[in-house]
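Letter by letter, the chains look like this.
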Amino acid sequence: MKKAFFKQQILIVSTVALGLLVVVSSFVKRSAPKPPVDDLEGTISISGAFALYPITVKWADEFKKLHPNVKFNISAGGAGKGITDALSGLVDIGLASRDIDPAEVKKGAYTIYVTKDAVVPTFNTANPNAAELLTKGVKKDQFLNIFVSGSIKSWKQVAGKVAAPIHVYTRSDAAGAGETWAKYFGKKQEDLLGVGVYGDPGLAQAVKRDPTAIGYNNIAYLYDLKTRKQVAGVHALPIDVNGNGKIDADENFYDTIDKLTEAIGAGKYPSPPARNLGFLFKGKPKKKELIEFVKYVLTTGQKDVDENGYIALSKIKIQEELKKVN
(Lines give C-alpha, C1' and ligand atoms only; values in the text may rest on other atoms or scores of the structure.)
Protein backbone atom coordinates (compact mmCIF):
# COMPACT_ATOMS: atom_id res chain seq x y z
CA MET A 1 0.00 0.00 0.00
CA LYS A 2 2.81 2.41 0.97
CA LYS A 3 4.88 1.46 -2.09
CA ALA A 4 1.95 2.21 -4.37
CA PHE A 5 1.45 5.56 -2.64
CA PHE A 6 5.12 6.54 -3.01
CA LYS A 7 5.14 5.53 -6.70
CA GLN A 8 2.07 7.65 -7.23
CA GLN A 9 3.76 10.64 -5.49
CA ILE A 10 6.97 10.22 -7.53
CA LEU A 11 4.92 10.06 -10.71
CA ILE A 12 3.08 13.27 -9.78
CA VAL A 13 6.34 15.11 -8.92
CA SER A 14 7.99 13.89 -12.14
CA THR A 15 5.02 14.99 -14.19
CA VAL A 16 5.00 18.44 -12.56
CA ALA A 17 8.77 18.82 -13.05
CA LEU A 18 8.51 17.76 -16.66
CA GLY A 19 5.70 20.26 -17.18
CA LEU A 20 7.80 23.06 -15.66
CA LEU A 21 10.75 22.08 -17.86
CA VAL A 22 8.57 22.23 -20.95
CA VAL A 23 7.16 25.61 -19.91
CA VAL A 24 10.64 27.03 -19.13
CA SER A 25 12.07 25.59 -22.33
CA SER A 26 9.18 27.01 -24.33
CA PHE A 27 9.61 30.41 -22.66
CA VAL A 28 13.33 30.47 -23.43
CA LYS A 29 12.70 29.62 -27.06
CA ARG A 30 10.04 32.28 -27.41
CA SER A 31 12.06 35.01 -25.65
CA ALA A 32 15.36 34.46 -27.50
CA PRO A 33 15.85 37.52 -29.76
CA LYS A 34 16.23 36.88 -33.43
CA PRO A 35 19.31 38.38 -35.09
CA PRO A 36 18.42 41.46 -37.15
CA VAL A 37 18.12 40.85 -40.86
CA ASP A 38 20.65 42.92 -42.81
CA ASP A 39 18.81 43.83 -45.99
CA LEU A 40 21.25 46.58 -46.97
CA GLU A 41 22.86 45.85 -50.31
CA GLY A 42 24.20 47.55 -53.39
CA THR A 43 27.44 48.91 -54.84
CA ILE A 44 28.93 52.27 -53.92
CA SER A 45 31.39 53.75 -56.43
CA ILE A 46 33.83 56.44 -55.28
CA SER A 47 36.67 58.40 -56.90
CA GLY A 48 38.60 61.57 -56.21
CA ALA A 49 40.99 63.26 -53.81
CA PHE A 50 44.15 61.49 -52.72
CA ALA A 51 43.70 63.30 -49.39
CA LEU A 52 40.47 61.45 -48.57
CA TYR A 53 41.32 58.14 -50.21
CA PRO A 54 43.08 56.37 -47.25
CA ILE A 55 40.41 57.12 -44.64
CA THR A 56 37.59 56.36 -47.12
CA VAL A 57 39.05 52.89 -47.74
CA LYS A 58 39.18 52.36 -43.97
CA TRP A 59 35.56 53.47 -43.55
CA ALA A 60 34.43 51.21 -46.39
CA ASP A 61 36.21 48.17 -44.90
CA GLU A 62 34.60 48.74 -41.49
CA PHE A 63 31.17 49.39 -43.02
CA LYS A 64 31.35 46.11 -44.96
CA LYS A 65 31.81 44.21 -41.70
CA LEU A 66 28.39 45.46 -40.64
CA HIS A 67 26.82 45.20 -44.10
CA PRO A 68 28.58 42.46 -46.09
CA ASN A 69 26.16 42.75 -49.02
CA VAL A 70 27.35 46.29 -49.80
CA LYS A 71 30.27 46.45 -52.23
CA PHE A 72 32.66 49.34 -52.88
CA ASN A 73 34.66 50.46 -55.90
CA ILE A 74 37.13 53.14 -54.75
CA SER A 75 39.85 54.91 -56.72
CA ALA A 76 42.06 57.97 -56.22
CA GLY A 77 42.70 60.36 -59.08
CA GLY A 78 42.57 63.85 -57.64
CA ALA A 79 39.69 66.00 -56.43
CA GLY A 80 39.01 67.40 -59.90
CA LYS A 81 38.46 63.95 -61.35
CA GLY A 82 36.28 62.86 -58.46
CA ILE A 83 34.05 65.92 -58.69
CA THR A 84 33.73 65.55 -62.47
CA ASP A 85 32.98 61.83 -62.13
CA ALA A 86 30.25 62.45 -59.54
CA LEU A 87 28.59 65.26 -61.49
CA SER A 88 28.61 63.21 -64.70
CA GLY A 89 27.11 60.18 -62.94
CA LEU A 90 30.15 57.94 -63.32
CA VAL A 91 30.42 57.46 -59.55
CA ASP A 92 28.15 57.87 -56.54
CA ILE A 93 30.62 59.88 -54.46
CA GLY A 94 33.36 62.29 -55.48
CA LEU A 95 36.05 62.82 -52.86
CA ALA A 96 36.41 66.60 -52.58
CA SER A 97 39.39 68.31 -50.96
CA ARG A 98 38.78 71.85 -52.16
CA ASP A 99 36.03 74.45 -52.24
CA ILE A 100 33.23 73.75 -54.69
CA ASP A 101 32.89 76.26 -57.53
CA PRO A 102 29.54 78.01 -58.15
CA ALA A 103 29.46 76.39 -61.60
CA GLU A 104 29.71 72.96 -59.97
CA VAL A 105 26.91 73.83 -57.56
CA LYS A 106 24.72 74.75 -60.55
CA LYS A 107 25.38 71.28 -61.95
CA GLY A 108 23.99 69.75 -58.78
CA ALA A 109 27.05 69.45 -56.52
CA TYR A 110 25.88 68.50 -53.02
CA THR A 111 28.68 68.25 -50.47
CA ILE A 112 28.68 66.59 -47.07
CA TYR A 113 31.85 67.27 -45.05
CA VAL A 114 33.28 64.28 -43.21
CA THR A 115 36.68 65.28 -41.76
CA LYS A 116 39.46 67.85 -41.92
CA ASP A 117 43.18 67.92 -42.78
CA ALA A 118 45.77 70.28 -44.27
CA VAL A 119 48.23 70.72 -47.11
CA VAL A 120 51.80 71.03 -45.83
CA PRO A 121 54.84 72.47 -47.67
CA THR A 122 57.68 69.95 -48.01
CA PHE A 123 61.43 69.83 -48.58
CA ASN A 124 64.18 67.24 -48.82
CA THR A 125 65.95 66.52 -45.52
CA ALA A 126 69.29 66.42 -47.39
CA ASN A 127 68.91 70.13 -48.24
CA PRO A 128 72.26 71.84 -47.48
CA ASN A 129 70.43 74.53 -45.48
CA ALA A 130 68.11 72.11 -43.64
CA ALA A 131 69.15 73.11 -40.10
CA GLU A 132 68.56 76.82 -40.75
CA LEU A 133 65.24 76.13 -42.50
CA LEU A 134 63.94 74.16 -39.53
CA THR A 135 65.05 76.89 -37.13
CA LYS A 136 63.80 79.91 -39.08
CA GLY A 137 60.98 78.43 -41.09
CA VAL A 138 59.60 80.07 -44.23
CA LYS A 139 57.33 83.14 -44.27
CA LYS A 140 54.15 83.30 -46.32
CA ASP A 141 55.54 85.95 -48.68
CA GLN A 142 58.63 83.80 -49.25
CA PHE A 143 56.47 80.84 -50.25
CA LEU A 144 54.55 83.18 -52.58
CA ASN A 145 57.78 84.30 -54.23
CA ILE A 146 58.89 80.69 -54.67
CA PHE A 147 55.66 79.15 -55.94
CA VAL A 148 53.95 82.07 -57.72
CA SER A 149 56.20 84.97 -58.70
CA GLY A 150 59.38 82.91 -58.97
CA SER A 151 61.50 85.80 -57.67
CA ILE A 152 63.14 83.58 -55.03
CA LYS A 153 65.26 81.02 -56.84
CA SER A 154 67.93 80.07 -54.29
CA TRP A 155 67.67 78.51 -50.84
CA LYS A 156 70.17 81.10 -49.61
CA GLN A 157 67.48 83.74 -50.15
CA VAL A 158 65.32 81.87 -47.65
CA ALA A 159 67.71 80.60 -44.97
CA GLY A 160 71.27 79.34 -44.68
CA LYS A 161 74.55 80.08 -46.44
CA VAL A 162 74.51 77.65 -49.37
CA ALA A 163 73.24 79.14 -52.63
CA ALA A 164 71.56 75.95 -53.85
CA PRO A 165 68.89 76.34 -56.55
CA ILE A 166 65.29 75.77 -55.51
CA HIS A 167 63.61 73.07 -57.62
CA VAL A 168 59.86 73.61 -57.39
CA TYR A 169 57.44 70.69 -57.78
CA THR A 170 53.65 70.93 -58.03
CA ARG A 171 50.69 68.72 -58.96
CA SER A 172 50.02 68.03 -62.64
CA ASP A 173 46.47 66.76 -62.01
CA ALA A 174 43.47 68.87 -60.98
CA ALA A 175 44.10 68.50 -57.29
CA GLY A 176 42.50 69.75 -54.10
CA ALA A 177 45.98 69.95 -52.60
CA GLY A 178 47.21 72.23 -55.39
CA GLU A 179 44.08 74.37 -55.28
CA THR A 180 44.26 74.69 -51.48
CA TRP A 181 47.97 75.50 -51.42
CA ALA A 182 47.41 78.18 -54.09
CA LYS A 183 44.46 79.58 -52.13
CA TYR A 184 46.87 80.27 -49.25
CA PHE A 185 48.23 83.03 -51.52
CA GLY A 186 44.85 84.03 -52.94
CA LYS A 187 45.66 82.22 -56.19
CA LYS A 188 44.49 79.24 -58.29
CA GLN A 189 46.32 75.97 -58.89
CA GLU A 190 47.21 77.03 -62.43
CA ASP A 191 49.13 79.99 -60.98
CA LEU A 192 51.61 77.70 -59.23
CA LEU A 193 55.05 77.29 -60.79
CA GLY A 194 57.06 74.09 -60.89
CA VAL A 195 57.46 70.70 -62.50
CA GLY A 196 54.08 68.97 -62.55
CA VAL A 197 53.86 65.55 -60.90
CA TYR A 198 50.80 63.32 -60.78
CA GLY A 199 49.24 62.51 -57.43
CA ASP A 200 50.21 62.86 -53.78
CA PRO A 201 52.53 59.81 -53.73
CA GLY A 202 54.29 61.01 -56.89
CA LEU A 203 54.87 64.51 -55.55
CA ALA A 204 56.27 63.18 -52.26
CA GLN A 205 58.64 60.88 -54.18
CA ALA A 206 59.79 63.72 -56.47
CA VAL A 207 60.80 65.84 -53.46
CA LYS A 208 62.42 62.84 -51.80
CA ARG A 209 64.65 62.23 -54.85
CA ASP A 210 65.81 65.85 -55.22
CA PRO A 211 67.98 67.34 -52.40
CA THR A 212 67.05 70.95 -53.28
CA ALA A 213 63.36 70.33 -53.96
CA ILE A 214 60.30 72.05 -52.53
CA GLY A 215 56.73 70.82 -52.85
CA TYR A 216 53.55 70.25 -50.86
CA ASN A 217 51.53 67.24 -49.74
CA ASN A 218 48.49 66.13 -47.82
CA ILE A 219 49.36 65.05 -44.27
CA ALA A 220 48.69 61.34 -44.79
CA TYR A 221 51.58 61.07 -47.27
CA LEU A 222 54.19 62.68 -45.00
CA TYR A 223 53.85 60.58 -41.86
CA ASP A 224 54.17 56.91 -40.93
CA LEU A 225 50.91 56.00 -39.21
CA LYS A 226 52.61 53.32 -37.10
CA THR A 227 55.50 55.38 -35.72
CA ARG A 228 53.46 58.65 -36.04
CA LYS A 229 56.70 60.33 -37.23
CA GLN A 230 57.62 61.90 -40.57
CA VAL A 231 58.74 59.54 -43.31
CA ALA A 232 62.42 59.45 -44.23
CA GLY A 233 63.76 61.84 -46.86
CA VAL A 234 60.88 64.29 -47.21
CA HIS A 235 59.70 66.43 -44.29
CA ALA A 236 57.32 69.27 -43.59
CA LEU A 237 58.87 72.71 -44.16
CA PRO A 238 57.74 74.78 -41.14
CA ILE A 239 55.66 77.88 -41.78
CA ASP A 240 56.76 81.00 -39.90
CA VAL A 241 53.15 81.98 -39.21
CA ASN A 242 53.80 85.21 -37.34
CA GLY A 243 56.63 86.23 -39.68
CA ASN A 244 59.20 87.00 -36.97
CA GLY A 245 62.03 85.10 -38.66
CA LYS A 246 62.02 82.04 -36.41
CA ILE A 247 59.90 79.03 -35.50
CA ASP A 248 58.48 79.77 -32.07
CA ALA A 249 57.43 77.06 -29.62
CA ASP A 250 53.77 77.33 -30.64
CA GLU A 251 54.75 77.00 -34.33
CA ASN A 252 56.91 73.92 -33.77
CA PHE A 253 54.40 71.08 -34.15
CA TYR A 254 55.61 69.01 -37.10
CA ASP A 255 57.56 66.21 -35.32
CA THR A 256 54.59 63.83 -35.13
CA ILE A 257 51.30 63.58 -36.94
CA ASP A 258 49.48 63.89 -33.62
CA LYS A 259 51.11 67.23 -32.78
CA LEU A 260 50.33 68.56 -36.25
CA THR A 261 46.67 67.50 -36.27
CA GLU A 262 46.25 68.91 -32.77
CA ALA A 263 47.71 72.24 -33.95
CA ILE A 264 45.37 72.28 -36.97
CA GLY A 265 42.38 71.55 -34.74
CA ALA A 266 43.44 74.36 -32.40
CA GLY A 267 43.77 76.85 -35.25
CA LYS A 268 47.55 77.28 -34.88
CA TYR A 269 48.09 76.18 -38.48
CA PRO A 270 46.72 78.60 -41.11
CA SER A 271 43.49 77.86 -42.97
CA PRO A 272 43.95 77.57 -45.87
CA PRO A 273 46.01 75.42 -46.28
CA ALA A 274 44.00 73.62 -43.58
CA ARG A 275 40.60 72.66 -45.04
CA ASN A 276 37.48 70.50 -44.69
CA LEU A 277 37.20 67.31 -46.74
CA GLY A 278 33.89 66.11 -48.10
CA PHE A 279 31.82 63.60 -50.03
CA LEU A 280 30.32 65.22 -53.13
CA PHE A 281 27.11 63.90 -54.68
CA LYS A 282 25.05 64.95 -57.66
CA GLY A 283 22.04 66.11 -55.70
CA LYS A 284 20.98 64.92 -52.26
CA PRO A 285 21.73 61.19 -51.93
CA LYS A 286 18.62 59.00 -52.11
CA LYS A 287 19.93 55.45 -52.31
CA LYS A 288 19.62 53.74 -48.93
CA GLU A 289 23.17 52.34 -48.97
CA LEU A 290 24.62 55.82 -49.61
CA ILE A 291 22.61 57.40 -46.81
CA GLU A 292 23.59 54.68 -44.33
CA PHE A 293 27.26 54.91 -45.31
CA VAL A 294 27.30 58.68 -44.76
CA LYS A 295 25.58 58.27 -41.39
CA TYR A 296 28.14 55.63 -40.41
CA VAL A 297 31.06 57.89 -41.41
CA LEU A 298 29.69 60.82 -39.38
CA THR A 299 29.02 58.73 -36.28
CA THR A 300 30.85 55.45 -35.65
CA GLY A 301 33.42 56.15 -38.36
CA GLN A 302 34.73 59.24 -36.57
CA LYS A 303 36.65 56.95 -34.18
CA ASP A 304 39.07 56.20 -37.05
CA VAL A 305 39.82 59.84 -37.85
CA ASP A 306 42.58 60.69 -35.33
CA GLU A 307 44.42 57.39 -35.70
CA ASN A 308 44.66 57.85 -39.47
CA GLY A 309 46.01 61.39 -39.36
CA TYR A 310 42.87 63.46 -39.86
CA ILE A 311 41.06 65.97 -37.66
CA ALA A 312 37.58 65.27 -36.36
CA LEU A 313 34.80 67.72 -37.10
CA SER A 314 33.21 69.47 -34.12
CA LYS A 315 30.03 67.95 -32.68
CA ILE A 316 28.06 70.91 -33.97
CA LYS A 317 29.51 70.50 -37.48
CA ILE A 318 28.74 66.76 -37.45
CA GLN A 319 25.10 67.47 -36.57
CA GLU A 320 24.92 70.01 -39.41
CA GLU A 321 26.25 67.46 -41.89
CA LEU A 322 23.94 64.67 -40.65
CA LYS A 323 20.94 66.90 -41.35
CA LYS A 324 21.94 66.86 -45.01
CA VAL A 325 20.98 63.18 -45.29
CA ASN A 326 17.89 63.24 -43.08
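In the block above lies the structure referred to throughout.
Remember, it's a predicted structure, so these values are computed and weren't measured experimentally.

(A) Spotlight on the overall build of the chain. Along the backbone of the chain there are 11 helices and 9 strands. Within the chain, counting contacts between residues at least 6 apart in sequence, those at least 24 apart form 76% of the total. Total accessible area computed for the chain in this model is approximately 16,300 Å², and 58% of it derives from carbon and sulfur atoms.

(B) Structural detail: the nonpolar core. Grouped together as the largest cluster of nonpolar side chains are 48 residues, with contacts concentrated most on F147 and Y269. Apart from the residues within four sequence positions on either side, Y269 is in contact with A118, V119, V120, P121, I239, F253, Y254, L260, A263, I264 and A274. With 34 residues, the next largest nonpolar core counts L40, I93, Y296 and V305 among its residues.

(C) Quick look at the packing of helix α2 (residues 53-66) against helix α10 (residues 288-298). Where α2 contacts α10, the two axes come as close as 11 Å, and the packing angle between them is 115°. As judged from the angle between their axes, α2 and α10 are roughly perpendicular. Between α2 and α10 lies a crossing of right-handed hand. From α2, W59, A60, E62, F63 and L66 reach across to α10, where they touch E289, E292, F293, Y296 and V297.

(D) Representation of the pattern of salt bridges in the model. Taken as a whole and assessed by the stated rule, the structure comprises 16 salt bridges. A salt bridge links E62 to K65, with the nearest nitrogen and oxygen atoms 3.2 Å apart. You can see E62 and its partner K65 sitting in helix α2, 3 residues apart, about one turn around the helix. Overall, the relative accessible area of 62% leaves K65 in the exposed class. The residue D99 makes a salt bridge to K183 at a minimum N-O spacing of 2.0 Å. Of the two residues, D99 sits in the loop between β3 (93-96) and α4 (102-106) while K183 sits in helix α7 (residues 176-183), which places them 84 residues apart along the sequence. Each member of the salt-bridge network shares a partner with another, and the members are K58, E62 and K65.

(E) Here's a closer look at the packing of aromatic side chains. As enumerated under the stated definition, the model contains 17 aromatic pairs in all. An aromatic cluster is present here, built from W59, F63, F72, F279, F293 and Y296 joined pairwise through their rings.

(F) Layout of the side chain of S47. Within the fold, S47 resides in strand β1 (residues 42-48). The class for S47 is buried, based on a relative accessible area of 2%. A distance of 2.8 Å separates polar atoms of two side chains, one belonging to S47 and the other to D85. When residues no more than four places from it in sequence are discounted, the contact partners of S47 are S75, K81, G82, D85, V91, I93, G94 and L95.

(G) Fine view of the environment of H235. Among the structural elements, H235 can be located in strand β8 (residues 234-236). As a C-alpha pair, H235 and T125 span 110 residues in sequence and 6.4 Å in three-dimensional space. If near-sequence neighbours (up to four positions away) are discounted, H235 is found in contact with P121, T122, F123, T125 and Q230.

(H) A look at the layout of surface pockets. One number sums up the size of the largest pocket: a volume of about 260 Å³. Around the largest pocket sit 16 residues that line it, and R98, D99, I100, T180 and K183 are the ones nearest its centre. At the level of elements, α7 and β9 (274-282) are the ones that each hand at least two residues to the lining of the largest pocket. Looking at the lining of the largest pocket residue by residue, the class counts come to 4 nonpolar, 4 polar and 8 charged.

(I) Highlighting the side chain of S45. Structurally, S45 is set in strand β1. Those residues in contact with S45 that sit more than four places away from it in its chain are N73, L90, V91, D92 and I93.

(J) Local environment of the environment of I247. Mapped onto the fold, I247 is located in the loop between β8 and α9 (257-265). Setting aside residues no more than four positions away along its own chain, I247 makes contact with L134, T135, K136, G137, P238, I239, D240 and N252.

(K) Up close: helix α6 (residues 140-147). If you check which residues of α6 are buried, you get Q142, F143, I146 and F147. One face of α6 carries all of its buried residues, which in axial projection span an arc of 120°. Summarising the contacts, the buried residues of α6 are in contact with β4 (109-124), β5 (167-171), α7 and β7 (213-218).

Parameters and conventions
Residues numbered from 1 in each chain as written. Predicted model: local features only at pLDDT ≥ 70, side-chain atom pairs only at ≥ 80, totals over all residues. Heavy atoms only, no water. Helix = DSSP H or I, 4+ residues; strand = E, 2+ residues; numbered from the N terminus. Contact = heavy atoms within 4.5 Å. Areas by Shrake-Rupley, 256 points an atom, 1.4 Å probe, with all protein chains shown as cover. Core = buried A, V, L, I, M, F, W, Y, C linked by side-chain atoms within 4.5 Å. Buried < 20%, exposed > 50% of the residue type's maximum accessible area, 1.4 Å probe, protein only. Axes fitted to C-alpha atoms, helices over the stretch in contact; angles between N-to-C directions. Parallel < 35°, antiparallel > 145°, perpendicular 65-115°, else oblique. Left-handed = near helix turned anticlockwise from the far one by under 90°. Salt bridge = Lys/Arg side-chain N within 4 Å of Asp/Glu carboxyl O. Phe/Tyr/Trp six-rings, centres within 6.5 Å; stacked < 30°, edge-to-face > 60°. Polar contact = N/O pair within 3.5 Å; in protein donor to acceptor, adjacent residues only side chain to side chain. 1 Å grid on protein atoms, 1.4 Å probe; cavity = no way out; pocket = protein on both sides within 12 Å on 5 of 7 lines; lining within 4 Å. Points joined across faces, edges and corners; volume = space filled by probe spheres on them. Nonpolar A, V, L, I, M, F, W, Y, C, P; charged D, E, K, R; others polar. Arc of directions from axis to C-beta.

So yeah, pure geometry; function would need other evidence.
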